[in-house]
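Examining the three-dimensional arrangement
Given next are the chains, with one letter for each unit.
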Amino acid sequence: METEKKQPAPLQKSGAALESANFWRETSPLSHRPREKAAPLEGVRGEKACPPVSCRLCPRECGADRTVKDAKGLCGGGSLPRVARAALHQWEEPCISGARGSGTVFFSGCPLGCCFCQNREISAGNFGREISVGRLSEIFLELQDQGAHNINLVSPTQYTPWIVRALEDVRGKLDIPVVWNTGGYERVGTLRMLDGLVDIYLPDLKYKSAELAGRYSGAPDYFEQASAAILEMFRQTGKIRMGKDGTLERGLVIRHLCLPGARRDSWAVLEWIAENLPADGILISLMSQYTPYRPLPYKELNRRISSFEYNTVVDKALELGLRGFMQERSSAKEEYTPPFDLEGVQNKKRLREPSI
Ligand code: SF4
């Protein structure tokens, strides 16, 4: 059954707009400045082996032998795709969820190690079930049959070559956009494998500061890697293109989770976006949902962000002419994290051991 969604309203300067009951609100630009398209990045080697013998799919480049059953890379990735849930999801940005929902496939494991991750059960805990490439292809088509607006691949990086094969298998049958929903810690060479297969990139840009990235995610090179990756993503998609039904057909949406005590770094992230990408060609999504789900060793993270902190970040985005979405601060509830219960993962008719 379709759920009625409220139309996002334009965002005003901070304050009144934040009091609205809408979960997501669409920002409107203060100005559109013409910008140069980001220059293509050249000369980065891809990694096409499936499974890789010495994995360097992500910037960790840990060299794990992914051909060995039960071997695990630093991300938790093994020799077959591991999936925790495949189902329609309503809680993405309106242009992704639409009226019927986004066909999300949650992959287990993650190349990042964010101490505050709200999906720890599947990212650090690696909860999920191994499936074959053939089963992954079936899942894509099943989600399409259920009415999904898109196929939304969540935390997919560590399974890129397997996903490429699955997407190639359904070429000509899958006619909805494919979304690459990632923490942003990507190698450009790996992203090159997806050129022509992925329609929408939905990366985080979590930090500018190497110190914050090192402390909270164990990845001091995060910004260096993520910024290069985002330029490559934009090179592949070009400017955003909306469908007639208001959902996104193609383009780049950059998410930024505002963290307590880190508003200056959030400003720096937004300034980099405004300086390097066309404000009228991308969308941003400013998230206020940060919630400390468990006691953390960094005392500044053991609280939610304040309205003041979030408002200053929203105001900076508006000053820079960026467009996109903001969240109500009341949206920090566990109900937006789906149950990781293997829904949609197994083929109910054929329960057998997977093989590539
Ligand atoms: S994707 Fe996983 S196994 Fe591959 S290099 Fe990164 S951490 Fe290692």
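Residues numbered from 1 in each chain as written. Predicted model: local features only at pLDDT ≥ 70, side-chain atom pairs only at ≥ 80, totals over all residues.

Now for unusual backbone geometry. Note the cis peptide between Cys50 and Pro51, where omega equals 0°. Summarising the element assignment, Pro51 is placed in the loop between strand E1 (24-27) and strand E2 (82-89). Unusually for a residue other than glycine, Asn126 sits at a positive phi of about 60°. Structurally, Asn126 can be placed in the loop between helix H2 (120-123) and strand E4 (129-130). For Leu342, which is not glycine, the phi torsion reads 65° and is therefore positive. Looking at the element boundaries, Leu342 is found in the segment after strand E11 (324-327). (Helix = DSSP H or I, 4+ residues; strand = E, 2+ residues; numbered from the N terminus.)

A few words on the confidence of the model for the protein chain. Close inspection of predicted coordinates is inappropriate in any region flagged by low pLDDT. Mean pLDDT over the protein chain stands at 86; residues scoring 70 or higher make up 82%. Taken together, the stretch residues 1-24 has pLDDT below 50 and engages in 48 contacts with residues farther than four places along the chain or on a different chain. Scored below 50 in pLDDT, residues 27-46 makes 44 contacts in the model with residues more than four places away or belonging to other chains. (pLDDT = per-residue confidence, 0-100. Contact = placed C-beta atoms within 7 Å.)

This brings us to the environment of Cys117. Secondary-structure assignment places Cys117 in the loop between strand E3 (102-107) and H2. A residue is classified by how many C-beta atoms lie within 10 Å of it, and Cys117, with 19 of them, is partly exposed. Taking the C-alpha atoms as reference points, Cys117 and Tyr293, separated by 176 residues in sequence, lie 8.5 Å from one another. For Cys117, the contacting residues outside a window of four places in its chain are Ser123 and Ala124. (Buried ≥ 20, exposed ≤ 12 C-beta atoms within 10 Å, placed from the backbone.)

So, on to helix H8 (residues 263-276). Its 14 residues place the ends of H8 20 Å apart at the C-alpha level, agreeing with the 20 Å of an ideal helix rising 1.5 Å per residue. Considered for burial, the residues of H8 that qualify are Asp265, Ser266, Val269, Leu270 and Ile273. Down the axis, H8 shows its buried residues gathered within 140° of arc, on one side only. Next to the buried residues of H8 lie helix H6 (210-217), strand E9 (248-257), strand E10 (283-287) and helix H9 (307-319). (Expected span 1.5 Å × (residues − 1). Arc of directions from axis to C-beta.)

Taken together, 14 residues lie near the ligand, and Cys55, Cys58, Cys62, Gly73 and Cys75 sit nearest. When grouped by side-chain class, the residues that make up the shell around the ligand number eight nonpolar, three polar and three charged. (Near = placed C-beta within 6 Å. Nonpolar A, V, L, I, M, F, W, Y, C, P; charged D, E, K, R; others polar.)

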